[in-house]
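Observations on the model geometry
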Amino acid sequence: MLLPPPLTAPPAPPGGAVELDELDATATLAAATDNLRARRLAEVEELLVVLHWADLHSEDPREGPDGEFQRSMGNVLVQLGGDGTPGVQDFCLGELAIARGTGVVALRNLMADLLDLRHRLPLIWSAVRAGECESWVAGKVARLSRALPADRVGLVDSAIARIITRESAGRVIEVAEAKVIEADQDAHAARLEEARRQRFAHVGRSDEHGLRTLVARVTAGDAAAIDAVITRVAEILRPLNEEATSDELRAEAIGYLARPTELLRLLLEHLEPPEQQDEQPEGEPEPELPRALAFPADLLDALRSADLSALRPRSVLYVHLHEAAVGDRADAVARAEGLGPVLVNQLEELLRHHRVTLTPVIDLNDRVSTAAYEHPESLKTRVHLMTGGDYFPFAAGRSRRVDYDHPTPYDPDGPPGQTGDHNSGPLTRTHHRWKTHAGYRARQSGQGRYAWLTPQGRGYLVDHTGTREIDPEHARMIIEAPAGVDIYPGGPEIDITGYQQTPQR
């Protein structure tokens, strides 16, 4: 995925730097234009490196010298771009992503855009290479047209190449969308039908105030019904908080949708009695209740008096506390997974509408191991809490739906206790496959601390501070140390089988 680049300072002109306050209006505008072109051309150099890496790994790894196919241990050609683009070896993506300090998904998207531009949209690619347009806009066009067959994408290429150097990004993308429809109208009709199958409801990440954004894509009818319920609940809440804005009340009303017990009771308690409803003209039928309230009268009476507490949702909330915050300190800050930092006294607000079950505090200072190869659920929880998620270098994933890997491979004939929080790390399925078959080496050395050597011999260390590149020899020392010895090159101490010792000088 090609993203809008950050702004940079104007390049220094030949003969030395010029202070900005020495430039008049004409020279300032000229510097802005020069800077724009220099920045675009610098980006092109970066993009060409990505393409060159793809070219270096474009041969089918399963094809031997004699033309016969051979086993590749999972490394295969994957087609990232659209029809007509060459394949790229799957295993090559990880190392370049690490070298660029980015995630694999971001690199995969970027490489797909570049392959599309070079092989399917050559006219647009020429404009990008000349620094005459923004590369991220060209990448957007590549994604919009990716589903088109190779013999029809030329219509998009020729149309956009004529305007991408002269029109705004919004106008270019608008024309590209129209040309994609024009190039294959039957496919567009199929996409409209497919769009109906792509409805969703997503919850965004928590911000520093403990608030989250809810985004949903639903049918127009469902959206109208949801809006009607939200509006009605906001009207009911208005007398209780007259100073709140309409947006605040509607946001509070959405919370009731997650608590059907309270929502139902609230609506039932505020049904308008018949004498307060508008009188109907003689002969006109009584208006029907909204679908949300269309219950038989006897059922409504039963619901009004029923104990509906069992319908409260059950949730699991992991709360991380420093030992200094344990006690009566209500002003202490905790970290709730998926929500971010919250005050301890805010936890009551988070949980007051749920059934609460307390579980014991997990002390990560203890060491836990098992003789089995499989990770028990309790161990998975400990490892996730130590690592925070995927331990592949620069990985962004924080999901608990991962594979739990033995950094030092499990030996069926080895000693007991090989599976434990001293030799375990979460990896996504892709990262796990690469570590197993693509030539990566890793070892856990200390709690939540992992050393890596990539297939090209680059060293990285992943710990609670993130990912950083280290001397390959240091990575090799950590990985190849004797069993039970944790090495900290250049550090103050070495951890040997759980005991702190000062290294000899």
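Computed from a predicted model, the values in this text were never measured in an experiment.

Another point: the overall build of the protein. When helices and strands are tallied, the protein shows 16 helices and 18 strands. Buried residues in the protein amount to 33% of all 505 residues. A total accessible area of about 31000 Å² is found for the protein, and carbon and sulfur atoms account for 53% of it.

With that settled, the discussion passes to the pairing of strand β13 (residues 450–453). Along β13, one buried face is formed by Tyr450 and Trp452 and the opposite face, lined by Ala451 and Leu453, is buried too. Pairing of strand β12 (residues 441–444) with β13, which is carried by four bridges, proceeds in the antiparallel orientation. Counterpart to Ala442 in the pairing with β13 is Trp452. Counted along the chain from β12 to the antiparallel partner β13, the turn is five residues long, and its residue Gly446 has a positive phi close to 105°. As paired strands, β13 and strand β14 (residues 459–463) are joined by four bridges and run antiparallel to one another.

Moving on, we get to the sheet that holds β13. As summarised here, the arrangement of the four strands in space is β12-β13-β14-β15, forming an open sheet in which the pairing is antiparallel. Strands at the two margins of the open sheet, each flanked by one partner only, are β12 and β15 (466–470). Going across the sheet, the axis of each strand differs from the next one's by a mean of 20°, ignoring polarity.

Its place among the elements puts Asp90 in the loop between β2 (88–89) and α2 (92–99). With residues up to four places along the chain from it excluded, the contact list for Asp90 reads Asn75, Val76, Val78, Arg108, Arg433 and Trp434.

With that out of the way, let us pick up the pattern of salt bridges. Applying the stated criterion across every chain, the model contains 26 salt bridges. With a shortest N-O distance of 2.7 Å, Asp90 and Arg433 are connected by a salt bridge. Pair noted here: Asp90 is in the loop between β2 and α2 and Arg433 is in helix α15 (residues 429–437), with a separation of 343 residues, a long-range link. Linking Arg259 and Glu262 is a salt bridge whose minimum nitrogen-to-oxygen distance equals 3.2 Å. On the accessibility criterion, Arg259 (15% relative accessible area) is buried. The network of salt bridges with shared partners includes Asp113, Asp116, Arg120, Arg143 and Arg146.

Between helix α5 (residues 135–144) and helix α7 (residues 169–183), the shortest axis-to-axis distance is 10 Å and the interhelical angle comes to 15°. One finds that α5 runs roughly parallel with respect to α7. Seen from above, α5 lies across α7 with right-handed handedness. Across the interface between the two elements, Trp136, Val137, Lys140, Val141 and Leu144 of α5 pack against Ala169, Val172, Ile173, Ala176, Glu177 and Val180 of α7. Along the lines of polarity and charge, the residues of the contact of α5 with α7 split into nine nonpolar, no polar and two charged.

In regions of low pLDDT, the predicted coordinates are not meant to be interpreted in detail. Chain-level pLDDT for the protein is 80 on average; 73% of the residues reach the 70-or-more range. Note on residues 274–278: pLDDT is under 50 here. Beyond four places in sequence and across chains, it has one contact.

Listed in full, the buried residues belonging to helix α14 (residues 377–387) are Leu379, Thr381, Arg382, Val383, His384, Leu385 and Met386. Positioned one or two residues after α14, Gly388 has a phi angle of 80°, which is positive.

By the secondary structure assignment, Ala438 is in the loop between α15 and β12. What makes Ala438 buried here is its relative accessible area of 15%. Expressed as a C-alpha distance, the spacing of Ala438 and Phe91, which sit 347 residues apart in the sequence, is 5.9 Å. Among all residues touching Ala438, those that are not within four sequence positions of it are Phe91, Arg433 and Pro455.

Before going further, it helps to examine the packing of aromatic side chains. Tallied over the full model, the rule gives eight aromatic pairs. The ring of Tyr256 carries the charged tip of Arg259 above its face, separated from the ring centre by 4.8 Å.

Time to look at the packing of helix α4 (residues 122–129) against helix α6 (residues 154–161). Closest axis-to-axis distance for the α4/α6 pair is 7 Å, and the angle between their directions is 35°. Taken together, the residues of α6 that come into contact with α4 (itself represented by Pro122, Leu123 and Ile124) are Asp157, Ser158, Ile160 and Ala161.

Along the chain, the position of Asp463 falls in strand β14. Classification of Asp463 as buried rests on a relative accessible area of 15%. In terms of polar contacts, Asp463 uses its side chain to reach the side chain of Arg468, at 3.1 Å.

Formed by 56 residues in total, the largest nonpolar core has its most connected members in Met111, Ile160, Ile164 and Trp452. For this core, the element with the highest residue contribution is helix α3 (residues 104–119), accounting for eight residues. Beyond its immediate chain neighbours, meaning those up to four positions away, Ile160 contacts Ile124, Val141, Val172, Val175 and Ala176. Formed by 13 residues, the second largest nonpolar core is a distinct cluster that contains Ile230, Val233, Ala234 and Leu263.

This part covers a nonpolar patch on the surface. A cluster of nonpolar side chains, contributed by Val203, Leu214, Val218, Ile226, Ile254 and Leu257, occupies part of the molecular surface with about 480 Å² of accessible area. Residue placement: Val203 occurs in strand β3 (residues 200–203).

All right, on to helix α10 (residues 246–257) then. The end-to-end C-alpha separation of α10 is 17 Å, in line with the 16 Å expected for twelve residues at 1.5 Å each. For α10, the full list of buried residues reads Leu249, Ala253 and Tyr256. Each buried residue of α10 sits inside an arc of 40° when the element is viewed along its axis, so together they form one side. Exposed residues on α10 whose side chains face more than 90 degrees from its buried face are Asp247 and Ala251.

Looking at where Tyr404 falls in the secondary structure, it is placed in strand β9 (residues 403–405). For Tyr404 and His432, which are 28 residues apart along the polypeptide, the C-alpha to C-alpha distance reads 8.6 Å. Excluding its chain neighbours within four sequence positions, the residues that come into contact with Tyr404 are His375, Lys380, Val383, His384, Ser424, Gly425 and Pro426. Polar side-chain contacts of Tyr404 include one of 3.4 Å to the backbone oxygen of Lys380.

How each quantity is defined
Residues numbered from 1 in each chain as written. Predicted model: local features only at pLDDT ≥ 70, side-chain atom pairs only at ≥ 80, totals over all residues. Heavy atoms only, no water. Helix = DSSP H or I, 4+ residues; strand = E, 2+ residues; numbered from the N terminus. Buried < 20%, exposed > 50% of the residue type's maximum accessible area, 1.4 Å probe, protein only. Areas by Shrake-Rupley, 256 points an atom, 1.4 Å probe, with all protein chains shown as cover. Pairing = 2+ DSSP bridges. Axes fitted to C-alpha atoms, helices over the stretch in contact; angles between N-to-C directions. Contact = heavy atoms within 4.5 Å. Salt bridge = Lys/Arg side-chain N within 4 Å of Asp/Glu carboxyl O. Parallel < 35°, antiparallel > 145°, perpendicular 65-115°, else oblique. Left-handed = near helix turned anticlockwise from the far one by under 90°. Nonpolar A, V, L, I, M, F, W, Y, C, P; charged D, E, K, R; others polar. pLDDT = per-residue confidence, 0-100. Phe/Tyr/Trp six-rings, centres within 6.5 Å; stacked < 30°, edge-to-face > 60°. Lys NZ or Arg CZ within 6 Å of the ring centre and 35° of its normal. Polar contact = N/O pair within 3.5 Å; in protein donor to acceptor, adjacent residues only side chain to side chain. Core = buried A, V, L, I, M, F, W, Y, C linked by side-chain atoms within 4.5 Å. Patch = residues over 30% accessible without salt bridge, like charges linked within 9 Å, V, L, I, M, F, W, Y side chains within 5 Å. Expected span 1.5 Å × (residues − 1). Arc of directions from axis to C-beta.

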